[in-house]
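Structural characterization, general
Below are the chains, spelled out letter by letter.
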Amino acid sequence: MYCGTVRVEWKFRPESGTLAMCRPEEAALLRLEEVFSATLARINSLVLQPLLEAAPEASDPWVRECLQLLQQLHRSSQQLWDVTEESLHSLRERLRHPEAVGLESLLLLQSADRVLQVHLEYIESYTCCVAVQAFQKAAKRRSEYWRGQRKVLRQVLLGVSSEGSVGTALLQALRQPLAHHVQQYVLLLLSLGDTIGECHPTRELVIHAAGLFGDLQSFMRQELDQAMATQALWPTLSSRLRDVLCTPARRLLQDSQDVPVTVTPLRAERVLLFDDALVLLQGHNIHTFDLKLVWVEPGQDRCTFHLLTPEEEFSFCSKDPQGLVVWQWKVTQAVCQALRGKKDFPVLGAGLEPSEPPTCRCGAYTFRAEGRFCQATYEGEWYWGRPHGKGTLKWPDGRNHVGDFCQGLEHGFGIRLVPQASEDKFDCYKCHWWEGSMCGYGICEYSTSEVYKGYFQEGLRHGFGVLESAPQAPRPLRYTGHWERGQRSGYGVEEDSNRGERYIGMWQTDQRHGPGVMVTQAGVCYQGTFQADKMVGPGILLSDDDSLYEGTFTRDLTLVGKGKVTFPNGFTLEGSFSSVSGRGLHTQGVLDTAALLPDPSSTCKRQLGQGVFPVESRWQGVYGPFRDFVRAGCPGELREALLGFHVQSSRELRKSQEYLCCERTCPEDQVGRMEDLLEELVQHREPKALQQCLRKALSNSLHPLGKLLRMLMLTFQATYAGIGANKHLQGLAQEEVKQHAQELWAAYRGLLQVALQRKGQAPEEDEDAETRDLRVHGLVLPLVLPSFYSELFTLYLLLHEREDSLYSQGIVHLSLFPDARLLEFLDVQKHLWPLKDLTLTTNQRYSLVRDKCFLSATECLQKMITTVDPREKLEVLERTYGEIEATVSRVLGREHKLPMDDLLPLLIYVVSRAQIQHLGAEIHLIRDMMDPLHTGGLYDFLLTALESCYEHIQKEDMRLHRLPSRWSSREPW
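Residues numbered from 1 in each chain as written. Predicted model: local features only at pLDDT ≥ 70, side-chain atom pairs only at ≥ 80, totals over all residues. Heavy atoms only, no water.

1. Description of the overall build of the protein
In terms of regular secondary structure, the protein is built from 28 helices and 29 strands. Looking at the protein as a whole, 50% of its 973 residues qualify as buried. For the protein, the exposed surface amounts to about 45600 Å²; the carbon and sulfur share of it is 51%. (Helix = DSSP H or I, 4+ residues; strand = E, 2+ residues; numbered from the N terminus. Buried < 20%, exposed > 50% of the residue type's maximum accessible area, 1.4 Å probe, protein only. Areas by Shrake-Rupley, 256 points an atom, 1.4 Å probe, with all protein chains shown as cover.)

2. Quick look at the nonpolar core
Counting 78 residues, the largest nonpolar core has Leu705, Leu751, Val784 and Leu792 as its most contacted members. Those residues within four positions of Leu751 in sequence are excluded, and the remaining contacts are Phe626, Val630, Cys634, Met674, Leu678, Leu681, His703, Pro704 and Leu705. Residues Leu69, Leu103, Leu109 and Leu189 belong to the second largest nonpolar core, which totals 73 residues. (Core = buried A, V, L, I, M, F, W, Y, C linked by side-chain atoms within 4.5 Å. Contact = heavy atoms within 4.5 Å.)

3. Details of the packing of helix α13 (residues 620-631) against helix α17 (residues 704-720)
Following both chains from N to C, one finds α13 and α17 inclined at 170°, their axes separated by 10 Å at the closest point. With respect to α17, the element α13 is oriented roughly antiparallel. The segment α13 lies against α17, with Val622, Tyr623, Phe626 and Phe629 engaging Pro704, Leu705, Leu708, Met711, Leu712 and Thr715. Split into classes, the residues belonging to the contact of α13 with α17 amount to nine nonpolar, one polar and no charged. (Axes fitted to C-alpha atoms, helices over the stretch in contact; angles between N-to-C directions. Parallel < 35°, antiparallel > 145°, perpendicular 65-115°, else oblique. Nonpolar A, V, L, I, M, F, W, Y, C, P; charged D, E, K, R; others polar.)

4. Some remarks on a nonpolar patch on the surface
On the surface, a cluster of nonpolar side chains totalling about 240 Å² of accessible area is made up of Met900, Leu938 and Phe941. Within the secondary structure, Met900 is located in helix α25 (residues 900-914). (Patch = residues over 30% accessible without salt bridge, like charges linked within 9 Å, V, L, I, M, F, W, Y side chains within 5 Å. Salt bridge = Lys/Arg side-chain N within 4 Å of Asp/Glu carboxyl O.)

5. Examining the packing of helix α2 (residues 61-96) against helix α4 (residues 112-131)
Interhelical geometry of α2 versus α4 gives an angle of 155° and a closest axis separation of 9 Å. On the basis of their axis angle, the class for α2 and α4 is roughly antiparallel. Taken as a pair, α2 and α4 cross one another with a handedness that is left-handed. Contact with α2, carried on its side by Leu69, Leu70, Gln72, Leu73, Ser76, Ser77, Gln79, Leu80, Val83 and Glu86, involves Arg114, Val115, Val118, His119, Glu121, Tyr122, Ser125, Tyr126, Cys128 and Cys129 of α4 and no other residues of that element. For the contact of α2 with α4, the class distribution of residues is 11 nonpolar, six polar and three charged. (Left-handed = near helix turned anticlockwise from the far one by under 90°.)

6. A few points about the environment of Phe314
Mapping Phe314 onto the fold places it in strand β10 (residues 313-317). Owing to a relative accessible area of 1%, Phe314 belongs among the buried residues under this scheme. As for Phe314 and Thr264, which are separated by 50 residues in sequence, their C-alpha atoms are 5.6 Å apart. In this structure Phe314 touches Val263, Thr264, Pro265, Leu266, Leu278, Leu280, Phe289, Phe305, His306, Leu307 and Thr309, once residues within four positions along its chain are discounted.

7. Regarding unusual backbone geometry
With an omega of 5°, the peptide bond between Thr264 and Pro265 qualifies as cis. Position of Pro265 relative to the elements: it lies in the loop between β4 (262-264) and β5 (270-274). Look at the link from Phe345 to Pro346: it is a cis peptide, with omega at 10°. Relative to the helices and strands, Pro346 is located in the loop between α11 (321-340) and β11 (360-366).

8. Considering the state of the cysteines
Applying the stated criterion across every chain yields a total of zero disulfides. The thiol of Cys128 is unpaired, and the distance to the nearest cysteine sulfur, on Cys129, comes to 6.9 Å. (Disulfide = S-S within 2.5 Å.)

Function cannot be read off these values alone, since they describe shape.
In structure tokens:
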């Protein structure tokens, strides 16, 4: 290699015949690049190629690794030669055409960062070989060859002695040319910068390039020092320690043998700080700590500092404060460098990034200590040595957990897959966690195809929840109700599809225990007491033909022991009952046939469960989490845990870990942010605005009120739909709907108080019972009733089926009458008949005209079935009354108020023409659900009139009256 002073050349320009003088530094750079390119070529042929050829067969892994390092060094050398040639070409172009080619076109200036990167890669490859003595190991088999090449190496190097080792000569051959080349780069670029004016556009490029290569000099010295220190370390360790710790890329930064330090409580004999790990040697034991997961905490005094790792916490102590400062600084900078994933440039701790490592970081770690996480690998976010934030846990046995962590424990939403014995099947838990255990709302899909949706506490089902088995299960069951520590306890509803039964009642330790009601698909109902899943003591059984049995039973509702049967016709049978297999029911007792025929309503309308299950305590597990949410001030982080969430159920999720994900509604990213919802409640407190606000909230599945309503709908359907659609449960259902409306109003009030508190406003005063009831019936009940109407109205239909059947028969008979005859039959005064407008004869009016009288009132009344709101139904009835009076006033030619004696027959006429189906169910639902404010008022009066019409139409004389011949109006009626 050329090692003298760089000469300045003058370039002759033949095309102009004149000398064009360039800056001397540019010509010197040209010569420098030419010499370096030639030197690299010679090094490649004299050193690298022979080293590769001398490398032994790659049978041993360690030898194979050395060969790979030499091959990488050869590739880096080739890249360095390529970029030198490219730089050489740009310099030649510049010197040939100085006016046309600007100084900024030089590769060293235009792409200084790229040139620097190529140099860094060569240095990295070179120092990896140095650290593991790859040159010496590869050259051993051709030592005679290298001794013969000493003279050749001296031609290209300075200071190569004939007595030095071959390894030293090779190290110098691959380092010295580059070091000298970079040194000359810096000198020439600085000199070039001095020749350029302050305002020259390329001055900044020159200064930048000079700074980069100046830093490269420092970097090269540091890298070589670290590589040599690392190389010197390995012979001081045992072969076992070397095999564990030695890697080509690892560099020693500090050794406790050089700067003594004591580590407690581990009492390490030797401490080694590498650029990627902290190693404590304790006899034959090696404690290795990934620097990415090491936190440095300064001590209270100058004689100690602390280190935190995922499973260890220890302190560094030293009698020498300066030595301790060195250790703390180097550990801190090594951690920063490891987290950045690249070496500091130009030297450790001198990069542009912050010199203090962040407390929050990402990394992977496999736990070794005994405990729940033993052998599990955590990958994700950390904070001060603990999993904190988003992360994933994977156990060797196939368990996986993805979700939120806090201070080293699962905390927040998380999904866990637990493999089962059957191949490729998993239990999947999509739940909220609290300090390491499931707590709050969750959805669990089991490998058995069962699904649980509900609340947990300390990892067990606790609170309200629904457990449903697959339809194809041997015994398909669905339980909706309360749980305590993993067992069914409290009020709950279980449906057994195979037996066609639904149990509604109390549970204890996973068994039916306490009062309960059993409803069968055949329409049989039982109410009594259960103990340890068995019926005990007397009970009541209602059959589908309204027979009543009071006595004792077996599990399958067979009559046994003493009891009394009351038949629908009033007969009673009292005595002892028994059942013999294959021989039916046997009884010994007294049959009483002298009893009076009972009122049908006294048997068919018996209601079960009322008073046995207080309505306010049935679904506390649903109301409770909402109240907790409000009492906590509606915090966003508890919203899903307490109010629940919705996800698409996927059975594939239980079969493969590839589906370890959960697409659930995220309230903070969609419509329904808590702050906006609370603000809306404050802004809409006037009656009309409040009604619209509540309607919007209840219809929004992301709103807390909407979530609560949907949970209540689920319990209502589980109890009263399907098998539970039994007329003897109508009373239970009706009071439950009212209670739900009351709880929703209380929930609104709670949210409003939180909203006012957040805005610093005074809370609203507490309501008295009367005001609350008026608000519930007048405001909330009409809004929530549509959500329960289908199941509730079905129960009303079943309960009033007998009366509605008689009513329908009466309607059918009355519909055969023409208008005039029906008005006459109903004893409507003739001066009120609206027939004078018709251009028909009297006989035609009597025999032909139908559905023409009071048509507007009839069409108005028919609108009653188009709404579910009792108040709107009453408004329809009021408008119907108005239409009747308007028609009568038109007939009379003056305003006329109808007395009750005139109104009733006219209303019967309108009802018979409106032909509303199931009018009895409609009337009773309106009566039960109407606002108490209307009691004793006009609506109450009109509803009473409608009830009278309904009862009249049911009467036998209405149904059995024979219609006269349509062709003879003179025949008697």
